[in-house]
Amino acid sequence: MRTPSVQPAYVLHQHDWSESSLILDLFTRESGRIAVAAKGAKRPYSQLRAVLLPLQRISVSLSKPAKADGGEVQTLRSAEWGGGATLPAGAALFSGYYLNELLLKLLARHDPHPALFDAYADALAHLAEGDVVLRAFEIKLLAELGLLPDLSVVTPTQAPIDPARRYQLSPESGLIPPTSDASLPGALLIQLQAALLHGSMAALRQACAAGPQALKTTLRGLLHYHLGHQPLRTRALMVDVQQLLDS
């Protein structure tokens, strides 16, 4: 009998399947986002209860697909903690859940993105550094999904970006001359493209640090468009909590 392979994964979301089992949304390096049945995971004596936690790297082995909720999911055979950072706290915890919601809503099932998996793991390890980590991951996510144009050229004309000018990042038209206040400096765009080509998330975070607020406004509009104009629950919750703290 063939032994199931072990692969790294993260739990993005879970919901009840039966009185004793769960359906998990896993983000894996080899298979992308997949649905998995964790049989018996809710039982008090199950070793899985302490392992199947969000924002924690785990190693999983999966067996043949099973029927659940009318669709096919794979069955979890085993799961072990994969090491790394412990569960974040405070604002970093909300940021982690925000990243999970982005992946849940933008990634198709069974569409592997190894580089994005590595970027996600890197982002979780640096959540305490603040918003610049979120901006870098948002850019990497959009680039991996083919939703980000080449940031070194004007999209309609393919003319090189002028570092001394400002440009607007449009969901439909790409990089164009600005038609509103939501624009980005050409120098920042060139730095971002260089960091993407380099492949280092540290370099991408460093580039994002040059214009975090302008990037936040631009990327929020871009993501909102590609999410079908649906609001993100985690973002709304973060705003509510901040307002409560301010009051």
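Everything that follows concerns the structure shown earlier in this document.
Remember, predicted model here, so these are calculated numbers, not experimental data.

Quick question: what am I supposed to make of the overall build of the protein chain here?
Along its length, the protein chain carries seven helices and eight strands. Relative to its full complement of 247 residues, the protein chain shows a buried share of 44%. Contacts in the protein chain between residues far apart in sequence, at least 24 positions, make up 57% of those at least 6 positions apart. In the structure as shown, the protein chain presents an accessible area of about 12700 Å², 53% of it carried by carbon and sulfur atoms.

In this structure, what is going on with the pattern of salt bridges? I would like to understand it.
Side chains carrying opposite charge are able to pair once their charged atoms draw close together. On inspection of all chains with the given rule, the structure shows nine salt bridges. Put simply, Arg33 and Asp25 hold a salt bridge, and the shortest N to O gap is 3.0 Å. Taken individually, Arg33 and Asp25 each receive the classification buried, so the pair is uniform in this respect. Arg29 is the partner of Asp118 in a salt bridge, and the nearest nitrogen-oxygen pair spans 2.7 Å. Within this pair, whereas Asp118 is found in helix H2 (residues 114-125), its partner Arg29 is found in the loop between strand E2 (22-28) and strand E3 (32-38), the two being separated by 89 residues in sequence. Classification of Asp118 by relative accessible area gives partly exposed; the value is 36%. Ionic contacts of the salt-bridge type, sharing partners, join the residues Asp25, Arg33 and Arg109 into one network.

What should I look at first to understand the nonpolar core in this one?
Most often, soluble globular proteins keep nonpolar side chains buried together rather than apart. In this structure, Leu99, Leu103, Tyr120, Phe137, Ile139 and Leu192 are the most contacted members of the largest nonpolar core, which totals 50 residues. Contributions of two or more residues to this core are made by strand E1 (6-16), helix H1 (91-106), H2, helix H3 (131-144), strand E6 (166-170), helix H4 (186-198), helix H5 (201-208) and helix H6 (212-226). Looking at this core element by element, the count peaks at eight residues for H3. The contacts of Ile139, once residues within four sequence positions are left out, are Leu148, Leu192, Leu196, Leu204, Cys208, Leu215 and Leu219. Core analysis: the second largest hydrophobic core is formed by 17 residues, Ala9, Leu48, Ile58 and Leu76 among them.

Mind showing me how you'd approach the environment of Asp131 here?
One can find Asp131 in helix H3. For Asp131, a relative accessible area of 40% gives the class partly exposed. Residues Asp131 and Lys216, spaced 85 residues apart in sequence, show a C-alpha to C-alpha distance of 8.6 Å.

Would you take a moment to explain the sheet that holds E6 for this structure?
Sheet strands pair via backbone hydrogen bonds, and the direction of the pair is either parallel or antiparallel. Strands sit in the order E7-E6-E8 across an open sheet of three strands; the sheet is antiparallel. Two strands in the sheet have a free side with no partner beyond their single neighbour: strand E7 (174-176) and strand E8 (184-185). Of the strand pairs in this sheet, E6 and E7 are connected by three bridges, and their pairing is antiparallel. Bridging from a neighbouring strand, Ser170 pairs with Gly174 of E7.

I tried to follow the pairing of E6 on my own but got confused; where do I start?
Among the five residues that make up E6, four are buried, leaving the element largely enclosed by the rest of the structure. Pairing of E6 with E8, which is carried by two bridges, proceeds in the antiparallel orientation. Bridging from a neighbouring strand, Arg166 pairs with Pro185 of E8. Connecting the antiparallel pair E6 and E7 is a turn made up of three residues.

Explain the packing of aromatic side chains here, please?
Aromatic ring pairs are described here by two measures, namely the spacing of the ring centres and the angle between the planes. Counted according to the given criterion, the structure contains five aromatic pairs. Measuring from centroid to centroid gives 5.4 Å for Tyr10 and Phe117, while their planes differ by 50°, and the two rings are tilted. Taken as a pair, Tyr10 in strand E1 and Phe117 in helix H2 lie far apart in primary sequence, 107 residues in all. For Tyr10, a relative accessible area of 5% translates into the label buried. Relative to Tyr120, the ring of Tyr10 lies with its centre 5.0 Å away and its plane at 80°, an arrangement referred to as edge-to-face. Pair noted here: Tyr10 is in strand E1 and Tyr120 is in helix H2, with a separation of 110 residues, a long-range link. Residue Tyr120 is classed as buried on the basis of its relative accessible area, which comes to 0%. Through a chain of ring-to-ring contacts, the aromatic side chains of Tyr10, Phe27, Phe117, Tyr120 and Phe137 assemble into a single cluster.

Criteria and cut-off values
- Residues numbered from 1 in each chain as written.
- Predicted model: local features only at pLDDT ≥ 70, side-chain atom pairs only at ≥ 80, totals over all residues.
- Heavy atoms only, no water.
- Helix = DSSP H or I, 4+ residues; strand = E, 2+ residues; numbered from the N terminus.
- Buried < 20%, exposed > 50% of the residue type's maximum accessible area, 1.4 Å probe, protein only.
- Contact = heavy atoms within 4.5 Å.
- Areas by Shrake-Rupley, 256 points an atom, 1.4 Å probe, with all protein chains shown as cover.
- Salt bridge = Lys/Arg side-chain N within 4 Å of Asp/Glu carboxyl O.
- Core = buried A, V, L, I, M, F, W, Y, C linked by side-chain atoms within 4.5 Å.
- Pairing = 2+ DSSP bridges.
- Phe/Tyr/Trp six-rings, centres within 6.5 Å; stacked < 30°, edge-to-face > 60°.

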